[in-house]
Amino acid sequence: NIYLTIDSNVQMIVERALNNYFESSKASSGGLIVADAKTGKILASASRPSFDPNIKDIQNYMDPLVSTAFEPGSTYKPFTVAAGLEEGILKGNETYYCDGYQKVGPHTIHCSHRSGHGLITLSQSISLSCNDALMQIAAKEGKNVFARYQKNFNFGNKTGIDLPGEAQTASLLHDAKDMTAADLATSSFGQSFNCSMIQMGSAFCSLINGGNYYKPHVVKQLRSSNGEVVSNIEPTLVKQTISKETSDKLRKYMKETVDSGTGTKAKMKDYTAGGKTGTAQKIPRSAGTYIVSFCGFAPVENPQVLVYVVIDEIQRDSQTNTGLAVEIAKKVLEGSLKELNVAKSSKK
């Protein structure tokens, strides 16, 4: 008998949230992962369209949360900043001027805010989701540092989760030796490479929990037919991705995202929250189709729960409406924190 890390009550919260929001948005597909931010174990997961139990070829069924790869968009920006902080390239007091674009060789690469953000701080490069600032940061880091930290956070490699069909996606990262200036610029804000939801969720946990990258898992125990414990599956620490000091700074920057940036819809009454919104234009770019997402966590001072929401091609409303992903995440965060009896934040 297999016993899972899935919390049935949290799973119910997730299913209800996805049902409500997907019915109203008519999105083509999407998914949601809830993880223990400290150990990476999966507390709930669901996708839309949902699993069809009548599927004939069930042996070849693959969970899209682990098997589908996509460009993550701006949810990757904190990783770019983390690399700079960890290497000492960034100190935290930097400012950047965003005029709405960067010229990279023959290319003009635009910011998400076409008219420009003006003069912004390092923390605002995340909270306001400024492509221009991120391109400047990545250029200062250089392709070797950038590519090394992508791999350090395990992008391009399997997480090793105990589910079938995990996407490798390693061939969809640019090696430093092959990375052009334009590749570096666009990769800094989460385009021109792919990842799966489980890769992003696991990496994000390490970003906020002090730098501890754990192997994600959904099986916690095996028991014999008479109930005897055959084995317990304990959390497996794989590596240290960044220092606690860098992690602390990133949590502070992402709290700003929720307090005054692109993720204000995630504000909660009883808990501090942080996170990062994402918008990725799908290929072909000319089609004008988008994936929106939000990676959120709470409480900021001691993260317990991570919620990662991805929505593909919203039909009712703008396809770039990241607010929808943020609303879903807030609903799930509130319900999960209460269900798991997480202590309320003492200060907001």
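Residues numbered from 1 in each chain as written. Predicted model: local features only at pLDDT ≥ 70, side-chain atom pairs only at ≥ 80, totals over all residues. Heavy atoms only, no water.

Secondary structure assignment for the protein chain yields 10 helices and 16 strands. Expected size for 348 residues packed as a compact globule is a radius of gyration near 20 Å; at 19 Å, the protein chain falls within 12% of this value. Scored against the burial criterion, the 348 residues of the protein chain give a buried share of 54%. A fraction of 70% describes how many contacts in the protein chain between residues 6 or more apart in sequence connect residues 24 or more apart. (Helix = DSSP H or I, 4+ residues; strand = E, 2+ residues; numbered from the N terminus. Rg over C-alpha atoms; globule rule 2.2 N^0.38 Å. Buried < 20%, exposed > 50% of the residue type's maximum accessible area, 1.4 Å probe, protein only. Contact = heavy atoms within 4.5 Å.)

All right, on to empty space enclosed by the protein then. For the structure shown, the criterion picks out one cavity of 30 Å³ or more. Quantified by volume, the largest cavity comes out at close to 40 Å³. Forming the boundary of the largest cavity are Ile33, Ala35, Gly40, Ile42, Ile198, Gly201, Ser202, Cys205 and Pro216. Mapped by element, the contributors of at least two residues to the lining of the largest cavity are strand S2 (29-36) and helix H8 (197-208). It is H8 that contributes the most residues to the lining of the largest cavity, four residues altogether. Of the residues belonging to the lining of the largest cavity, the class tally is six nonpolar, three polar and no charged. (1 Å grid on protein atoms, 1.4 Å probe; cavity = no way out; pocket = protein on both sides within 12 Å on 5 of 7 lines; lining within 4 Å. Points joined across faces, edges and corners; volume = space filled by probe spheres on them. Nonpolar A, V, L, I, M, F, W, Y, C, P; charged D, E, K, R; others polar.)

A regular strand carries its side chains on alternate faces of the sheet. Where burial is concerned, most of strand S3 (residues 42-48) is hidden: six out of the seven residues are buried. Sheet topology places S2 next to S3; six bridges connect them, and they run antiparallel. Counterpart to Val34 in the pairing with S3 is Ala44. The antiparallel pairing of S2 with S3 creates a hairpin that spans five residues between the two strands, and Gly40 there sits at a positive phi of about 80 degrees. (Pairing = 2+ DSSP bridges.)

Spatially, the three strands line up as an open sheet ordered S1-S11-S12, and their pairing is antiparallel. A strand with exactly one partner marks an edge of an open sheet, and here the two such strands are strand S1 (2-4) and strand S12 (229-232). Between one strand and the next, the sheet's axes are offset by a mean angle of 20 degrees, whatever the strand orientation. Bridge count for S1 against strand S11 (residues 219-223) is three bridges, and the pairing is antiparallel. Counterpart to Leu4 in the pairing with S11 is Val219. (Axes fitted to C-alpha atoms, helices over the stretch in contact; angles between N-to-C directions.)

A separate point is the packing of helix H3 (residues 77-86) against H8. In contact at an axis separation of 11 Å, H3 and H8 are set at 40 degrees when each is read in the N-to-C sense. It follows from the interaxial angle that H3 and H8 lie oblique. In terms of crossing hand, the pair formed by H3 and H8 is left-handed. In this structure, H3 uses Pro78, Phe79 and Ala82 to contact H8, whose residues at the interface are Met200, Ala203, Phe204 and Leu207. Looking at the contact of H3 with H8, its residues break down into seven nonpolar, no polar and no charged. (Parallel < 35°, antiparallel > 145°, perpendicular 65-115°, else oblique. Left-handed = near helix turned anticlockwise from the far one by under 90°.)

For the rest of this paragraph, the subject is the pairing of strand S7 (residues 107-110). Across four bridges, the pairing between strand S6 (residues 101-104) and S7 is antiparallel. From the neighbouring strand, Val104 faces S7, where its bridge partner is His107. In this structure, the hairpin formed by S6 and S7 is closed by a connection of two residues, where Gly105 is found at a positive phi of approximately 60 degrees.

Two orientations exist for strands paired in a sheet by backbone hydrogen bonds: parallel and antiparallel. Strand order across the open sheet formed by five strands is S3-S2-S16-S15-S14, with antiparallel pairing between neighbours. Each edge of the open sheet is held by one strand with a lone partner, namely S3 and strand S14 (274-281). Strand-to-strand twist across the sheet, computed as the mean angle between neighbouring axes with direction ignored, equals 5 degrees. Along the sheet face, helix H1 (residues 8-25) touches S2, S3 and strand S16 (305-312) and points at about 25 degrees away from the line of S3.

Attention shifts here to the packing of aromatic side chains. Tallied over the entire structure, the rule returns eight aromatic pairs. Within the aromatic cluster, the residues linked to one another by ring pairs are Tyr76, Phe79, Phe146, Phe153, Phe155, Phe193 and Phe204. Over the ring of Tyr3 we find Arg223, and its NZ or CZ is 4.0 Å from the ring centre. The positively charged end of Lys239 is found above the aromatic ring belonging to Tyr213, 5.8 Å away from the centroid. (Phe/Tyr/Trp six-rings, centres within 6.5 Å; stacked < 30°, edge-to-face > 60°. Lys NZ or Arg CZ within 6 Å of the ring centre and 35° of its normal.)

A word on the pattern of salt bridges. Following the criterion strictly, the structure yields 12 salt bridges and no others. With its nearest N and O atoms 2.7 Å apart, the salt bridge here joins Glu15 to Arg48. Linking Glu15 in helix H1 with Arg48 in strand S3, this pair joins segments that are 33 residues apart in sequence. Residue classification places Glu15 among the partly exposed positions, given a relative accessible area of 27%. What makes Arg48 buried here is its relative accessible area of 12%. Its salt-bridge partner being Lys282, residue Asp312 comes within 3.0 Å of it at the nearest N-O pair. Here the residue Asp312 occupies a position in strand S16, and Lys282 occupies one in the loop between S14 and strand S15 (290-298), the gap between them amounting to 30 residues. Exposure class is identical for Asp312 and Lys282. Each is buried. (Salt bridge = Lys/Arg side-chain N within 4 Å of Asp/Glu carboxyl O.)

In this section: helix H10 (residues 322-339). Taking 1.5 Å per residue as the helical rise, H10 with its 18 residues ought to reach 26 Å, and the 26 Å between its terminal C-alpha atoms agrees with that figure. Those residues of H10 that fall on the buried side of the exposure criterion are Thr322, Gly323, Leu324, Ala325, Val326, Ile328, Ala329, Val332, Leu333, Gly335, Ser336 and Leu337. Residue Asn321 occupies the N-cap position of H10, its side-chain oxygen lying 3.1 Å from the main-chain nitrogen of Gly323. Following H10 by one or two positions, Asn341 has its phi on the positive side, about 60 degrees. (Expected span 1.5 Å × (residues − 1). Polar contact = N/O pair within 3.5 Å; in protein donor to acceptor, adjacent residues only side chain to side chain.)

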